Amino acid sequence: MGIDVLPCYVVCDVSLSMTDHLGEVNAGLRELRGAVHADPSAAALTRVCVVGFAAAATVLQPLRPAAELTELSASRPRAGTNFGPAFALLRETISHDVRALKARRLRVCRPVVFFTSDGRPTDPATWPDAFAALADPAWPARPTVVAYGLGAVDRGTLDRIGTFRVFLGQDGIRLGTALAVSVTGTARRADRV
């Protein structure tokens, strides 16, 4: 097998409630790109995918080297904050990406998901099942999940999502710092899938 690869998935709530935080999310993506670039071992290892969600979820940037990470575009805000479709898309995308990386004879580390939201889902009855499938211990590619809360957060919901750690912007922790620490720190101790 070839070199190790750490797939990272930055999941961004792009709903109406997050409109005022798009600049902070983009600053965080820039800071992650800089932190990975400054650490040659992390730069060689890290691949990043960006997923946006509101009522539906979509891959905004497919998995690629962190140096190619781009910012979110300023599209019009969307209604709804459905977590379930984001978690379902993540499971499908991670499965596809892990198969593709292994087909290229790369050693795949346990993926990292960095979930950014105010933690106020509009699908409270259905998202837990989709998240349970994503975090299923029986799934070899289950990711480590870090949650980051922006704005008026629902800490209880974010605590259910952050399987590894939860950061809150209101505690003075910048999104970029939390993202860079989560990704570069994981790169140093990642298990293989």
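Rules used throughout
- Residues numbered from 1 in each chain as written.
- Predicted model: local features only at pLDDT ≥ 70, side-chain atom pairs only at ≥ 80, totals over all residues.
- Heavy atoms only, no water.
- Helix = DSSP H or I, 4+ residues; strand = E, 2+ residues; numbered from the N terminus.
- Rg over C-alpha atoms; globule rule 2.2 N^0.38 Å.
- Buried < 20%, exposed > 50% of the residue type's maximum accessible area, 1.4 Å probe, protein only.
- Contact = heavy atoms within 4.5 Å.
- Areas by Shrake-Rupley, 256 points an atom, 1.4 Å probe, with all protein chains shown as cover.
- Lys, Arg positive; Asp, Glu negative; His and termini not counted.
- Charge placed at Lys NZ, Arg CZ, Asp CG, Glu CD.
- Arc of directions from axis to C-beta.
- Polar contact = N/O pair within 3.5 Å; in protein donor to acceptor, adjacent residues only side chain to side chain.

*Asks:* Would you mind going over the overall build of the protein chain with me for this structure?
*Replies:* Secondary structure summary: the protein chain contains six helices and seven strands in total. Along the chain direction, N to C, the helices and strands of the protein chain fall in the order β-α-α-β-β-α-β-β-α-β-α-β-α. Computed over C-alpha atoms, the radius of gyration of the protein chain comes to 15 Å, within 12% of the 16 Å expected from 2.2 N^0.38 for 193 residues, which places it in the range of a compact globule. With the C-alpha coordinates aligned to their principal axes, the bounding extent of the protein chain is approximately 45 × 35 × 30 Å. The buried share of the protein chain, taken over its 193 residues, is 50%. Sequence separation of 24 or more characterises 77% of the internal contacts of the protein chain that already satisfy a separation of 6 or more. Accessible area for the protein chain stands at about 8500 Å²; split by element, carbon and sulfur atoms hold 53% of it. Of note, the protein chain has its 22 positive side-chain charges centred 8 Å away from the centre of its 18 negative side-chain charges.

*Asks:* In this structure, what is going on with helix α4 (residues 127-134)? I would like to understand it.
*Replies:* Residues spaced three or four apart along an α-helix face the same direction, because each turn holds 3.6 residues. Inspection of α4 places Trp 127, Ala 130, Phe 131 and Leu 134 among the buried residues, and these make up the whole buried set. When α4 is viewed along its axis, its buried side chains cluster within an angular range of 100° and face the same direction. Buried residues belonging to α4 abut α3 (83-103), β6 (144-149) and α5 (155-161).

*Asks:* Sorry, what's going on with the side chain of Arg 110 here?
*Replies:* Checked against the element boundaries, Arg 110 lands in the loop between β4 (107-108) and β5 (112-117). Note on Arg 110: relative accessible area 14%, which makes it buried. Side-chain polar atoms of Arg 110 contact the backbone oxygen of Pro 140, separated by 2.9 Å. Of the polar contacts made by the side chain of Arg 110, one reaches the backbone oxygen of Arg 142; its length is 2.9 Å. Setting aside its immediate chain neighbours within four residues, Arg 110 contacts Leu 6, Pro 140, Ala 141, Arg 142, Pro 143, Thr 144, Asp 191, Arg 192 and Val 193.

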